[in-house]
Amino acid sequence: MRKILLLLIFFFTIMFSLDMVVYAKEPVELEKVTIEHTTGPGEKQPLVNESLKLVGPTAETSFYYEIFSEIEGDDNYVQFDITNSEILMEPSSFTVQVDGEPVRSISLEGETSQEVKILLEGSALEEGSHSITVEYSGIIMDGVCVSQHSSSNWLTIQASSHLNIEANMNMEETVTLDDYPRLYMGTESSEVQVIMPNDPSIETKQAAHMLANYLSNQSEENSISVVFENEVDKINGNVVLIGGTNEYESEWTKQALNSELSSVEEDSLYLSQVPLQQQNSSVSALVVLAEQPETIVSNIDILITDHAVEQLSGETVQISSADDMHVPNQRNTNKIELSDFGLQDVLLDSANTSTQTYYYDLPVDKYNINNMTLELSMKQSENINLPDDSEDLNHLLESTKLDVVINGVPHAVTVDSLEEDSDGVLTANIPIDTKVLQNNQMLTFQLESSGLRIENPCVSTDYEKWLYIFSNSKLIFTFDSDIGESQILFNRFPFPFANQDEALIIVLSDENVPNEDLQQLFHNLSIDNQIPDIQLVSSSEVNEEQLGAGNVIFIGSLEEHKQLQEVSDNLIVQYDGNTPQLDAHGFLQSKVNYYSFVQENVWNDDYNMVVFDGLQVSDHYVSAELLSYLRNTDNQASVAVQSGTNKFFTNQLEEEQEELEASDKNDERSQSMIGWIIGYIVLIIVIATLIYYFIKRGKTE
């Protein structure tokens with residue numbers, strides 16, 4: 001809703017120093033590849049992804065946009081398509097403010113659907129950040145005996161509402177690294193291509209996919225692609241050229257990089273932005289070069305870590321000290337602040353009794369969490385609790401309650417029972433049942449309140465109560481260090497392969513693994529736009545020491561990996577020659593398109609391994625659908641297959657049967673042990689009785 005031009009702004013306090021050299025750039029006239037991207041009027045930007053409902057009697061919401069260049073057209077406006085309740089009367093209104101200044105108010109009486117178009121002009125079109133705030137004031141008709149706060153008092157901003165700004169990026173103006181990643185976050189109609197050499201080194205391939213994954217996680221779906229230089233015949237958006245200085249071969253890439261290649265210093269990562277133009281069309285190219293591809297992949301964090309990206313500036317940069325740079329792990333796996341969800345400090349009162357629902361990817365394996373607590377900090381109005389002499393209001397006001405809704409499950413907070421500290425801050429520690437995580441690695445969060453407003457429509461009072469929730473409130477986790485055998489099942493995927501503190505080796509078939517497969521794999525291994533410590537390696541180059549150093553993902557069949565052939569007897573899926581025997585796990589093998597299995601790492605049982613492969617005639621080894629299914633399934637399975645487009649099957653029943661048989665064996669062992677113990681006790685009793693008998697007999701004689 002609030003990402004109008006897909007702008008993401010991050011603030012971090014950790015700083016580091018880089019050796020930088022700045023150069024000037026001239027546009028490159030491209031000849032061999034067609035540029036179809038015209039720097040003309042901007043596209044209509046939707047204000048909301050879905051209809052947004054405002055509930056009266058008063059409500060407001062804000063939208064934000066950023067202007068980065070001069071405005072060249074005059075058709076600049078914001079349009080709200082609204083519908084509202086039929087039972088509103090004067091003075092019900094809809095008001096639009098631009099940068100805090102009211103620009104238009106319309107009456108809602110007698111209308112149920114309107115198009116409100118506001119021209120943007122003057123200071124609203126200056127470069128910089130701008131806000132658009134809408135205010136809804138709704139009054140229900142006299143004689144309709146429902147609360148002004150009821151669901152009957154509403155206005156909806158439709159998804160067709162949009163912003164239109166006619167801004168050009170004049171290629172004569174300076175394009176700098178300050179514009180990264182904004183210029184490379186694709187849209188539905190303007191795809192960003194990350195372009196590799198035709199025969200890239202494994203290091204270049206890894207760096208390209210890590211960079212594409214970072215951009216993709218901030219862009220619209222399917223707006224970032226990874227391609228080889230010979231696959232590019234036209235360009236309809238900005239591009240990224242990434243590789244070693246000696247790797248590019250095509251005439252058009254050499255033309256684009258002509259002035260850049262000679263500027264790359266030894267043992268340095270070279271970053272620049274080159275304007276590419278062709279007649280009236282132009283795009284920007286981010287250039288990422290090094291003499292050795294290893295230099296790129298070892299320093300790629302500079303382009304995919306937010307606090308590093310924020311410090312990039314200038315038109316061209318040589319980074320020679322990045323190897324010594326400490327890039328801290330941005331993810332705090334022990335706690336999540338509400339600000340991480342996107343929730344800012346929020347005021348709950350009679351007009352706004354709840355927040356929207358916020359979403360966040362859990363940064364840890366949900367099955368590792370054994371305790372979860374919400375530490376909620378807030379302030380309250382002085383009259384939040386009724387005084388003793390307020391009997392005249394007792395029939396109108398209820399006690400204030402706050403519900404924290406996590407994954408749809410409410411957790412009650414009794415505000416009246418909380419005590420303030422010296423700063424007037426209330427802190428509630430709310431235990432959260434880990435069962436609310438259910439089958440999803442996604443965490444949802446919402447605040448709902450009651451008792452902040454009067455529900456009696458026949459009584460008017462200025463008695464006002466409010467709660468102010470601080471965004472530094474946080475969810476705190478504790479973990480189970482012993483996660484046991486169940487770790488190797490798909491109900492944990494993408495964990496443990498997405499663990500930040502463990503190495504991940506991805507072994508590629510020496511056959512060409514499609515870029516789409518790698519792009520989808522990287523995407524599904526990402527948690528909160530961060531990926532684990534990945535190392536891509538080809539099957540012909542990997543060794544046993546590497547395979548035993550962390551978790552392992554194999555892409556390709558047994559036939560394509562001699563390492564798997566050597567340990568095939570230890571794989572949970574057995575092979576007849578090079579054909580997996582999936583029917584042994586309950587699958588109709590002839591219908592399987594893709595399959596995958598997960599188990600302990602054969603080379604080091606402290607880690608795990610997973611294999612992805614396809615059975616039908618196809619260039620692909622894994623599908624986006626299968627990876628998405630594995631990421632979201634709660635099936636405790638070690639083997640999964642995809643048959644058809646959206647048909648997925650697992651061996652969960654087989655796993656449950658094995659677990660049951662193991663339990664039965666344990667029961668048998670326990671019963672056997674109990675029998676031995678009882679026999680031993682009986683034997684001791686018999687021996688003791690005999691000893692007693694003979695001693696007593698000896699005394700008698």
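The following refers to the structure shown. Since we're looking at a predicted model, the values are computed, not measured.

**Section: the overall build of the protein chain**
Stage number 1. Of regular secondary structure, the protein chain possesses 12 helices and 38 strands.
Stage number 2. Sequence-distant contacts in the protein chain: of pairs separated by 6 or more residues, those separated by 24 or more amount to 79%.
Stage number 3. When the accessible surface of the protein chain is totalled, it reaches about 34,000 Å², and 45% of it is carbon and sulfur.

**A few points about the packing of helix α1 (residues 202-216) against helix α8 (residues 515-525)**
Stage number 1. Running from N to C, α1 and α8 cross one another at 55°; their axes reach a closest spacing of 10 Å. Taken together, the axes of α1 and α8 are oblique relative to one another. Here α1 runs over α8; the crossing is right-handed. Residues Lys205, Gln206, His209, Met210 and Asn213 of α1 form the contact with α8, whose participating residues are Asn515, Leu518, Gln519, Phe522 and His523.
Stage number 2. Each residue belonging to the contact of α1 with α8 can be placed in one class, and the counts come to three nonpolar, six polar and one charged.

**Let's talk about a negative patch on the surface**
Stage number 1. Taken together, Glu382, Glu420, Asp421 and Asp423 make up a surface patch of like negative charges.
Stage number 2. Mapped onto the fold, aspartate 423 is located in the loop between β25 (409-414) and β26 (426-432).
Stage number 3. We classify aspartate 423 as exposed; its relative accessible area is 57%.

**Comments concerning the nonpolar core**
Stage number 1. Formed by 62 residues in total, the largest nonpolar core has its most connected members in Tyr180, Leu211, Leu271, Val288, Ile506 and Ile553.
Stage number 2. When residues in this core are grouped by element, the largest group, seven residues, is from α1.
Stage number 3. The residues contacting tyrosine 180, other than those within four sequence positions of it, are Leu211, Tyr214, Leu215, Leu286, Leu303, Val309 and Leu312.
Stage number 4. Core analysis: the second largest hydrophobic core is formed by 35 residues, Ile336, Phe341, Met378 and Leu426 among them.

**Examining the sheet that holds strand β24 (residues 401-406)**
Stage number 1. If you trace the four strands from one edge of the open sheet to the other, you get β22-β27-β24-β25, paired in antiparallel fashion. The strands lining the two open edges of the sheet, one partner per strand, are β22 (358-361) and β25. This sheet shows a mean twist of 25° between the axes of neighbouring strands, independent of strand direction.
Stage number 2. Bridge count for β24 against β25 is six bridges, and the pairing is antiparallel.

**Points about the packing of aromatic side chains**
Stage number 1. Counted by the stated rule, this structure contains 11 aromatic pairs.
Stage number 2. With centroids separated by 6.2 Å and ring planes inclined at 45°, the aromatic side chains of tyrosine 180 and tyrosine 184 adopt a geometry described as tilted.
Stage number 3. On the basis of relative accessibility, which here comes to 3%, the residue tyrosine 180 falls in the buried class.
Stage number 4. A relative accessible area of 0% places tyrosine 184 in the buried class.
Stage number 5. Here the aromatic residues Phe490, Phe493, Phe497 and Phe612 are joined through ring pairs into a cluster of three or more.
Stage number 6. Cation over ring: lysine 117 sits above tyrosine 77, and NZ or CZ is 4.2 Å from the ring centre.

**Details of α1**
Stage number 1. Here α1 is 15 residues long and its end C-alpha atoms lie 21 Å apart, about the 21 Å a rise of 1.5 Å per residue gives.
Stage number 2. The buried count for α1 comes to 12 of 15 residues, which makes it a mostly enclosed element.
Stage number 3. Those residues of α1 not exposed but buried are Thr204, Lys205, Gln206, Ala207, Ala208, His209, Met210, Leu211, Ala212, Asn213, Tyr214 and Leu215.

**A look at the sheet that holds strand β32 (residues 551-555)**
By definition, the strands of a sheet pair up through backbone hydrogen bonds, in either a parallel or an antiparallel sense.
Stage number 1. With respect to topology, seven strands assemble into an open sheet ordered β31-β30-β32-β36-β35-β37-β38, the strand pairing being mixed. Every other strand in the sheet has two partners, leaving β31 (533-538) and β38 (648-650) as the edge strands with one partner each. Going across the sheet, the axis of each strand differs from the next one's by a mean of 15°, ignoring polarity.
Stage number 2. Judged from the seven bridges that link them, strand β35 (residues 594-600) and strand β36 (residues 608-614) form a sheet pairing that is antiparallel. Paired with glutamate 600 across the bridge in β36 is asparagine 608.
Stage number 3. Its contacts with the sheet put α1 on β30 (503-508) and β31, and the angle it makes with β31 is roughly 140°.

**Examining the pairing of β24**
Stage number 1. Hairpin remark: β24 followed by β25, antiparallel, with two residues in the connecting loop; positive phi at asparagine 407, about 50°.
Stage number 2. Examined bridge by bridge, β24 and strand β27 (residues 442-450) share six bridges and lie antiparallel to one another. The residue bridging valine 404 from the neighbouring strand is leucine 447, located in β27.

**So, the pattern of salt bridges**
Stage number 1. Applying the stated rule across the entire model yields seven salt bridges.
Stage number 2. Where lysine 32 meets glutamate 251, a salt bridge forms, and the shortest distance between an N and an O atom there is 3.8 Å. Separated by 219 residues along the polypeptide, lysine 32 in the loop between β1 (28-29) and β2 (34-35) and glutamate 251 in helix α2 (residues 251-256) bring together distant segments of the chain. Comparing lysine 32 with glutamate 251 shows no difference in burial state: the two are exposed.
Stage number 3. Notably, a salt bridge pairs arginine 182 with aspartate 179, separated by 2.9 Å at the nearest N-O pair.

**Details of a nonpolar patch on the surface**
Stage number 1. Together, Met673, Trp676, Ile677, Ile681 and Ile685 give the surface a local cluster of nonpolar side chains, amounting to about 570 Å² of exposed area.
Stage number 2. As for its position among the elements, tryptophan 676 is in helix α12 (residues 652-700).

Reading the values: rules and limits
Residues numbered from 1 in each chain as written. Predicted model: local features only at pLDDT ≥ 70, side-chain atom pairs only at ≥ 80, totals over all residues. Heavy atoms only, no water. Helix = DSSP H or I, 4+ residues; strand = E, 2+ residues; numbered from the N terminus. Contact = heavy atoms within 4.5 Å. Areas by Shrake-Rupley, 256 points an atom, 1.4 Å probe, with all protein chains shown as cover. Axes fitted to C-alpha atoms, helices over the stretch in contact; angles between N-to-C directions. Parallel < 35°, antiparallel > 145°, perpendicular 65-115°, else oblique. Left-handed = near helix turned anticlockwise from the far one by under 90°. Nonpolar A, V, L, I, M, F, W, Y, C, P; charged D, E, K, R; others polar. Patch = residues over 30% accessible without salt bridge, like charges linked within 9 Å, V, L, I, M, F, W, Y side chains within 5 Å. Salt bridge = Lys/Arg side-chain N within 4 Å of Asp/Glu carboxyl O. Lys, Arg positive; Asp, Glu negative; His and termini not counted. Charge placed at Lys NZ, Arg CZ, Asp CG, Glu CD. Buried < 20%, exposed > 50% of the residue type's maximum accessible area, 1.4 Å probe, protein only. Core = buried A, V, L, I, M, F, W, Y, C linked by side-chain atoms within 4.5 Å. Pairing = 2+ DSSP bridges. Phe/Tyr/Trp six-rings, centres within 6.5 Å; stacked < 30°, edge-to-face > 60°. Lys NZ or Arg CZ within 6 Å of the ring centre and 35° of its normal. Expected span 1.5 Å × (residues − 1).

Don't take any of this as a statement about function, it's just geometry.
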